[in-house]
Amino acid sequence: MLCQKNLDHVDSGVIHVEDSRGLNWSKDAESIIMVTQDNTEQKFISETMKRMEELHIVGQLAASLGHEIRNPISVVKGFLQILRGKNELFRYTEYLDMMISEVDRVDSMMNEFLAFGRLGGGDPAHCNLNDIIRSILPLLRAYASELGKRILIELEEIPDLELNEKEIRQMVMNLVRNGLEAMAVGGELTIRTFYADKQVVLAVQDQGEGIPPYILEKLGTPFLTTKDNGTGLGLSVCLHIVAKHRGSIDVQTGENGTAFFVRFPCKS
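Residues numbered from 1 in each chain as written. Predicted model: local features only at pLDDT ≥ 70, side-chain atom pairs only at ≥ 80, totals over all residues. Heavy atoms only, no water.

(A) How the structure looks around the pairing of strand 10 (residues 257-265). Within strand 10, seven of the nine residues are buried, which leaves it mostly tucked inside the rest of the structure. Note: strand 8 (residues 199-205) against strand 10, seven bridges, orientation antiparallel. Among the inter-strand pairings, Leu 202 is bridged to a residue of strand 10, identified as Val 262. Here strand 9 (residues 248-254) runs beside strand 10; their pairing, made up of seven bridges, is antiparallel. Along strand 10, the bridge assignment pairs Gly 254 with Gly 257. In this antiparallel pair of consecutive strands, strand 9 and strand 10, the connection spans two residues. (Buried < 20%, exposed > 50% of the residue type's maximum accessible area, 1.4 Å probe, protein only. Helix = DSSP H or I, 4+ residues; strand = E, 2+ residues; numbered from the N terminus. Pairing = 2+ DSSP bridges.)

(B) Structural detail: the packing of helix 4 (residues 165-181) against helix 6 (residues 234-244). Axis separation between helix 4 and helix 6 bottoms out at 9 Å; the angle between their running directions is 140°. When you trace helix 4 past helix 6, the crossing you get is left-handed. Contact residues: helix 4 offers Glu 167, Ile 168, Gln 170, Met 171, Asn 174, Leu 175 and Asn 178, while helix 6 offers Gly 234, Leu 235, Val 237, Cys 238, Ile 241, Val 242 and Lys 244. Tallied by class, the residues present in the contact of helix 4 with helix 6 amount to eight nonpolar, four polar and two charged. (Axes fitted to C-alpha atoms, helices over the stretch in contact; angles between N-to-C directions. Left-handed = near helix turned anticlockwise from the far one by under 90°. Contact = heavy atoms within 4.5 Å. Nonpolar A, V, L, I, M, F, W, Y, C, P; charged D, E, K, R; others polar.)

Below is the structure:
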């Protein structure tokens, strides 16, 4: 008889085990033999491979359709802008502005698809996560200012890692953007880095209302989003990038906000 279950573990959270049980009969007594096998790592690898396969399919779809859709969108926007400049169509300016705004929204979504399809370019290099964060900090703070929010940083001394800088920048920007958009005006988002348990850890913590349980269960699934204008690819991209760097992402969420912890193993 084979059964599977999850067990709480003091050090590592939840472990997945399989029990294999059999009966051993003798003249004097009846006994049960049970062998318990910890397959936590195997389950993690299996789930990671499945998710990466799904993301690879999405990436191929993005690369093949992105340009084909974007070209006619550019043409439509161009003609709308020409029509908006016609004096005889002045009374329709409001409608034309609305159509141009919607075209821009679709174009923004296409940019996300194209960025997803371009993941994987470049080789990892010896660099420091703090330096990558500092290089994009002005851009992040400018976006936060537009939303009426603030970004705080707490960067501790951490060892260098082998990182694909382009992908890590994309991951940090996605996590920060998600956090900023989850908060009300006046909220503060904190970016921290530290070294613990032979891992370099990036923490992005917001002051939002937390992630609903039904979303938390499927977090990272492509196209899953609660945003009106979202594509649901932002966190999927983050998971894909972190998996390629042999890292992991943990999330803690509640009514006082959400924190994402990205952990990169450090050889040194």
